[in-house]
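Below are the chains, spelled out letter by letter.
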Amino acid sequence: MMKTIPMIFNQQMVTALVDGRKTVTRRPLSNQPIKNGAFWDFKWGAGSSLDYLPIVAGHATANAAPFKVGDLIWVLETFKVEENTYNDLKGEYAVIYRADYGCNLINSNIDNNDKLANLINKKGFNPSIHMPRYASRLTLRVMNVRCERVRLITEESAKNEGATPAFIDEFGNCPTAPRFKNGFYKLWDSIYSNWDENPWVWVIEFEVIKSNIDKVIANEH
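**Student:** Requested: an account of the layout of surface pockets, with residues and values cited.
**Tutor:** Each pocket or cavity is described by its volume, and for the largest pocket that value is around 260 Å³. Along its surface, the largest pocket is lined by 17 residues, and Leu105, Ile106, Tyr134, Asn212 and Lys215 are the ones closest to its centre. When contributions to the lining of the largest pocket are tallied by element, the ones reaching two or more residues are strand E9 (92-97), strand E10 (103-107) and helix H6 (213-219). Top contributing element to the lining of the largest pocket by residue count: E10, with four residues. Residues of the lining of the largest pocket, tallied by class, amount to seven nonpolar, five polar and five charged. Its volume calculated, the second largest pocket comes out at about 190 Å³. Forming the walls of the second largest pocket are 14 residues, and the residues nearest its centre are Met13, Thr25, Arg27, Ile191 and Tyr192. A per-element tally of the lining of the second largest pocket places helix H5 (residues 180-192) first, with five residues. For the lining of the second largest pocket, the residue count by class is eight nonpolar, two polar and four charged.

Here it is in structure tokens:
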């Protein structure tokens, strides 16, 4: 059964989603496995000496993965809500997105209570965690999921992460040309500060749909 899942993205990554440069994201496992000799002890089943675990039917990770192929992720991003002054439409409000100052109109009856009023009265932008579902403008359809260690990322996958190429790598080396993997390393460590620990991550590949999640669902039924 398809699930709908909210997920926070920072402004840099939202811009990459909008531009079509980001089609994959990595998220740390909430419970990191523990090394046991040559094997890893995973909470969801038998250990493995591998650094890469495919999500396949019948494998323990298939049931453990929080994301399944076909699930829809709705993007949480920094935003604000204003009374609509952008055109002649009446009774509507504008959602402004901090990443690129994009604008979407919402109906006044979408949230007819104090929550909408509070959002409108705020002068600055709201943290992404507070974004209502109806205000989201980007939906990600999960196309593939796997589990691996973060430092196994390839140059191609780092590019698909929306990373900006950088020179200095994880070992302090400076190649003759900037690499996407180096940019991803800098981005990851700025968020999680655990690159050296090489944590296990869920790798979620997706299709970007530039539409609110409820509109996507409605159009498919």
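Still more ground to cover, so stick around.
**Student:** Help me get a handle on H5, residues and values and all.
**Tutor:** With 13 residues, H5 extends 18 Å between its outermost C-alpha atoms, agreeing within 8% with the 18 Å of an ideal straight helix rising 1.5 Å per residue. Looking only at H5, the buried set comprises Lys181, Asn182, Gly183, Phe184, Tyr185, Leu187 and Trp188. On its buried side, H5 packs onto helix H1 (11-19), strand E2 (24-28), helix H4 (155-160) and strand E12 (200-209). Immediately beyond the C-terminal end of H5, within one or two residues, lies Ser193, with a positive phi of roughly 55°.

**Student:** Pulling in residues and values, what's your account of the pairing of strand E4 (residues 39-42)?
**Tutor:** In E4, alternate side chains face the same way, and those of Trp40 and Phe42 are buried while those of Phe39 and Asp41 on the opposite face are not. Note that strand E3 (residues 34-36) and E4 share three bridges and pair antiparallel. Following the sheet pairing, Ile34 is matched in E4 by Asp41. Taking the residues between adjacent antiparallel strands as the criterion, E3 and E4 are bridged by two residues, where Gly37 takes a positive phi near 65°.

**Student:** Describe the pairing of E9, with residues and values.
**Tutor:** Of all the six residues making up E9, five are buried; the element is thus mostly covered by neighbouring parts of the structure. Across five bridges, the pairing between strand E8 (residues 79-83) and E9 is antiparallel. The partner of Glu83 across the bridge, within E9, is Tyr93. Alignment of E9 against E10, held across five bridges, turns out to be antiparallel. Paired with Tyr93 across the bridge in E10 is Ile106.

Conventions and cut-offs
- Residues numbered from 1 in each chain as written.
- Predicted model: local features only at pLDDT ≥ 70, side-chain atom pairs only at ≥ 80, totals over all residues.
- Heavy atoms only, no water.
- 1 Å grid on protein atoms, 1.4 Å probe; cavity = no way out; pocket = protein on both sides within 12 Å on 5 of 7 lines; lining within 4 Å.
- Points joined across faces, edges and corners; volume = space filled by probe spheres on them.
- Helix = DSSP H or I, 4+ residues; strand = E, 2+ residues; numbered from the N terminus.
- Nonpolar A, V, L, I, M, F, W, Y, C, P; charged D, E, K, R; others polar.
- Expected span 1.5 Å × (residues − 1).
- Buried < 20%, exposed > 50% of the residue type's maximum accessible area, 1.4 Å probe, protein only.
- Contact = heavy atoms within 4.5 Å.
- Pairing = 2+ DSSP bridges.

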